[in-house]
Amino acid sequence: DFLNHFKIKDMETLNIILKENPISFTNVRHPFERLVSGYLDAVPGGKFTELKGKTFDQFVTETVLKEANASQDKKTFSEMNEHWRPSNAMCAFCNIHYKVISKTETFNEDKMRIMENLGLKEKEKQQRLHAHGGNNIQNMTRKLLSSITKDVKIALVDLYKYDFAMFDYDPDLY
């Protein structure tokens, strides 16, 4: 699944790429903000018609946690949709030693450093097309997380525990 995600033919090809010492980077965000962004895209945004009309609580209990529990391998969570699967489950962090792990909340600054490392200059400010971010997503995350029970939140903290730890996010922020 890892190789397919990155469109790499096989491990030998990956090793050839990594020998060249590429500048590798990824972007992470607070697990609960990522979950809420996934919900906003999937349900009110209509990306997944089978989820239409679900409340956030229903989405979390009937979709997210159900998919997590249905996954045999609790490291990869293969039954979970990639939009709300824990970031660490994609295992890129096990296989690729990223030079930069950018955070959504500091993305603009991180992007400038990455471009400098590559010897590139930003031509002009580009409009972000998919922006569930900033204060809006923080406020929405607070609101939606307050609508779930303590037990459901505990289950979510457990599901995303490695993302919280690996990327230094506070599970009690929301």
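Everything in this summary refers to the structure shown in the same document. These numbers were taken from a predicted model, which means no experiment stands behind them.

1. Considering helix α6 (residues 107–118)
So, step 1. Along its 12 residues, α6 runs 16 Å from first to last C-alpha, staying within 8% of the 16 Å computed at 1.5 Å per residue.
So, step 2. Listed as buried for α6 are D110, I114 and M115. The buried residues of α6 occupy an angular sector of 135° when the element is viewed end-on, so they sit on one face. Turned more than 90 degrees away from the buried face of α6, the exposed residues are R113 and E116.
So, step 3. Each element contacted by the buried residues of α6 is listed here: β1 (25–28) and β2 (100–103).
So, step 4. One or two steps after α6, the chain reaches G119, where phi turns positive at roughly 75°.

2. As for the layout of surface pockets
So, step 1. Here the second largest pocket is characterised by a volume of approximately 210 Å³.
So, step 2. Along its surface, the second largest pocket is lined by 14 residues, and A68, K74, F77, D158 and L159 are the ones closest to its centre.
So, step 3. Those elements giving two or more residues to the lining of the second largest pocket turn out to be α4 (56–70), α8 (150–159) and α9 (161–166).
So, step 4. Classifying every residue of the lining of the second largest pocket by side-chain character gives 8 nonpolar, 2 polar and 4 charged.

3. Here's the deal with the packing of aromatic side chains
So, step 1. All told, the structure shown has 6 aromatic pairs when counted by the stated rule.
So, step 2. Taken together, a centroid distance of 5.2 Å and an interplanar angle of 50° make the contact between Y39 and F59 tilted. Note that Y39 is positioned in helix α3 (residues 31–42) and F59 in helix α4, a separation of 20 residues in sequence. Residues Y39 and F59 agree in their burial class; the two are buried.
So, step 3. Members of the aromatic cluster, connected to one another through ring pairs, are Y39, F48, F56, F59 and W84.

4. Some thoughts on the pairing of β1
So, step 1. Here β1 shows one buried face, formed by T26 and V28, and one open face, formed by F25 and N27.
So, step 2. Bridge count for β1 against β2 is 4 bridges, and the pairing is parallel. Each residue of the ladder has a partner; that of V28, found in β2, is K103.

5. A short note on the pattern of salt bridges
So, step 1. By the definition in use, this model includes 3 salt bridges.
So, step 2. Residue E62 is joined to K54 by a salt bridge in which the shortest nitrogen-to-oxygen separation is 2.6 Å.
So, step 3. The exposure class assigned to K54 is buried, which follows from its relative accessible area of 18%.
So, step 4. Notably, a salt bridge pairs D158 with K161, separated by 3.1 Å at the nearest N-O pair.
So, step 5. Of the residues examined, D158 reaches a relative accessible area of 45% and is grouped as partly exposed.

Cut-off values and rules
Chains are numbered independently. Their residues run from 1 in the order of the written sequence. The model is predicted, so local features are restricted to residues of pLDDT at least 70 and side-chain atom pairs to those at 80 or more, both for listing and for counting; the totals for chains, interfaces and linings are taken over all residues. The basis for every side-chain value is the complete set of non-hydrogen atoms in the structure, without hydrogens or water. Each helix corresponds to a stretch of at least 4 residues labelled H or I by DSSP, and each strand to a stretch of at least 2 residues labelled E; elements are numbered beginning at the N terminus. Here, expected helix span is obtained from the residue count minus one, scaled by 1.5 Å. When a residue's accessible area, from a 1.4 Å probe over protein chains only, is under 20% of the maximum for its type it is buried; when over 50% it is exposed; and in between it is partly exposed. What the arc describes is the spread of directions from the helix axis to the C-beta atoms. Contacts are assigned to residue pairs that have any heavy atoms within 4.5 Å of one another. Computed over the protein atoms alone on a 1 Å grid, cavities are sets of points where a 1.4 Å probe fits but cannot get out and pockets are open sets with protein on both sides within 12 Å along at least five of seven lines; a residue lines them when it has an atom within 4 Å of a point. Grid points are joined across faces, edges and corners, and a volume is the space filled by probe spheres set on the points. Amino acids are sorted into nonpolar (Ala, Val, Leu, Ile, Met, Phe, Trp, Tyr, Cys and Pro), charged (Asp, Glu, Lys and Arg) and polar (every other residue, Gly among them). The pairing test for Phe, Tyr and Trp rings, Trp by its six-membered ring, is centres within 6.5 Å, and the orientation test on the planes gives stacked under 30 degrees, edge-to-face over 60, and tilted for anything in between. Whether two strands pair depends on DSSP finding at least two bridges between them. When a carboxyl oxygen of Asp or Glu lies within 4 Å of a side-chain nitrogen of Lys or Arg, that pair is called a salt bridge.

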